[in-house]
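The residues making up each chain are set out below.
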Amino acid sequence: MHSEQTEIKKSRVMSIQDIIYFGSRQIGSTIKFEFIRNKMSLLIATGSSVFIYLLFLIIDLIQQGRGVELPESNIDYITGNYLGMLFPFLIMIIGITLGASIICEDYQKDTGNLIFPKTTKFRLLTGRLIARFLYAIVAVTVYYLLISITTLAYYGTISTLIFASWGWALLYTLAVFSVVVFFSSLMKNNAGTIILSILIILIVFSMVDSILRFTGSSIEPLFILTYYSNIITAIFDMPVERFAESTFRGHGGGGDGIIVYSWSTPSIGGAVAGMLTYTTLLIGSSYFLFQFRQKK
């Protein structure tokens, strides 16, 4: 009797191991498939990184040609020339390029009936997320490699803090990517996902931030995704005081003006917690919506 129970337990263990093994193989197969079929998306994302880099480099060369000297510090060169306002925009492009079609494409192209019976939605989405975010890592890394090579060519050295900045850029990319994936789980087509992602990330978040400043709110805007992009540059020289107030007198410059509060960057702990919270909630919601979403 004891030996029979032992054999039953062993068979149950083996069955669980088989399930894990089979599930891992399906996820691995999905990752390989996604790598192959999204080569064009990788090309677009990486090409965007190269294009933005070349744009900044050309501006820099023009300035030097007109007598503008290079900054004394390689940190000032990196932050002033390559990690300005356009860099978060580049990350948004990468996130949208690689994440917009991740869920809605099955409903837009009517491929759900071909895919879902052969694997679970959980394994399918897990494989897609891993594959496409790995492509996002490649695109961001290419940009950092290019600016590192340029900085080394000019200065002969480079601050090791660029690795910290690269890490924050990848974490911010993951957060942006999760927002796009969430919208993909809601929309019927890629175009709708792209438009909604641009609207929310580029316009709505900026408007909310402006409203907070001019209403006199001193709350740190940890719920605004774009606020976290500030640490990518701030990590080179983290400010002691991250909160500041100033007086805004309008375009005419008259009167006493109003007090405007602003936050320069999240803290290291706040940035990690905030972006991981964003990612966890949105990816988790995407899984839930994808699991119960039905074809019409």
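Since we're looking at a predicted model, the values are computed, not measured. (Residues numbered from 1 in each chain as written. Predicted model: local features only at pLDDT ≥ 70, side-chain atom pairs only at ≥ 80, totals over all residues. Heavy atoms only, no water.)

## A closer look at the packing of helix 4 (residues 86-99) against helix 8 (residues 161-186)
Put simply, the rule is: Axes, fitted as lines to C-alpha atoms, cover a helix only where it is in contact. Angles between the N-to-C directions of the axes lie from 0 to 180 degrees. Helix and strand assignments come from DSSP, with helices taken as H or I runs of at least 4 residues and strands as E runs of at least 2, each series counted from the N terminus. Convention used here: angles under 35 degrees read as roughly parallel, angles over 145 as roughly antiparallel, angles from 65 to 115 as roughly perpendicular, and any remaining angle as oblique. Two helices crossing with the near one rotated counterclockwise from the far one by less than a right angle form a left-handed crossing, whereas a clockwise rotation gives a right-handed crossing. Any two residues whose heavy atoms approach within 4.5 Å at even a single point are treated as in contact. Under the grouping applied here, Gly and all other residues not named as nonpolar or charged are polar, the nonpolar ones being Ala, Val, Leu, Ile, Met, Phe, Trp, Tyr, Cys and Pro and the charged ones Asp, Glu, Lys and Arg.
At a minimum axis separation of 8 Å, helix 4 and helix 8 run at an interaxial angle of 45°. Classified by the angle between their axes, helix 4 and helix 8 sit oblique to one another. Judged by the twist between their axes, the crossing of helix 4 over helix 8 is right-handed. Residues Phe 87, Ile 91, Met 92, Gly 95, Ile 96, Leu 98 and Gly 99 of helix 4 touch helix 8, and the partners they reach there are Ala 169, Tyr 172, Thr 173, Val 176, Phe 177, Val 180, Val 181 and Ser 184. Here the residues of the contact of helix 4 with helix 8 are counted per class, giving 11 nonpolar, 4 polar and no charged.

## Quick look at the nonpolar core
For clarity, the threshold we go by: In these notes, a set of buried Ala, Val, Leu, Ile, Met, Phe, Trp, Tyr and Cys residues joined through side-chain atoms within 4.5 Å is what counts as a nonpolar core. Relative accessibility decides the category of a residue: with a 1.4 Å probe and only protein chains considered, values under 20% of the type maximum give buried, values over 50% give exposed, and everything between is partly exposed.
Phe 87, Tyr 143, Tyr 144 and Ile 147 are the most contacted members of the largest nonpolar core, which totals 66 residues. When contributions to this core are tallied by element, the ones reaching two or more residues are helix 2 (39-65), helix 3 (74-81), helix 4, helix 7 (121-155), helix 8, helix 9 (190-214), helix 10 (231-234) and helix 11 (268-292). Broken down by element, this core gets its largest block of residues, 14 residues, from helix 8. If we skip the residues at most four places from it in the chain, Tyr 144 touches Leu 83, Phe 87, Ile 162, Ser 165, Trp 166, Ala 169 and Ile 232.

## Thoughts on helix 11
For clarity, the cut-off: Here, expected helix span is obtained from the residue count minus one, scaled by 1.5 Å.
Taking 1.5 Å per residue, 25 residues should reach 36 Å; helix 11 reaches 36 Å between its end C-alpha atoms and fits that length. Turning to helix 11, its buried residues number three or more, namely Ala 271, Gly 274, Met 275, Tyr 278, Thr 279, Leu 282, Ile 283, Ser 286, Tyr 287 and Phe 290. Buried residues belonging to helix 11 abut helix 5 (105-108), helix 7, helix 8, helix 9 and helix 10.

## Re the pattern of salt bridges
For clarity, the threshold we go by: Every case where a carboxyl oxygen of Asp or Glu lies within 4 Å of a side-chain nitrogen of Lys or Arg is listed as a salt bridge.
What the rule picks out here adds up to 8 salt bridges. Here Arg 132 ties to Glu 34 by a salt bridge, and the two come within 3.0 Å at their closest N and O atoms. Of this pair, Arg 132 sits in helix 7 while Glu 34 sits in helix 1 (residues 2-37); the two residues are 98 residues apart in sequence, bridging distant segments of the chain. Each member of the pair, Arg 132 as well as Glu 34, is classed as buried. Here Asp 209 ties to Arg 213 by a salt bridge, and the two come within 3.4 Å at their closest N and O atoms. Of this pair, Asp 209 and Arg 213 both sit in helix 9, 4 residues apart, which is roughly one turn of that helix. A single network of salt bridges, built from pairs that share partners, joins Glu 34, Arg 37, Glu 105, Arg 128 and Arg 132.

All quantities given are derived from atomic positions and should not be read as evidence of function.
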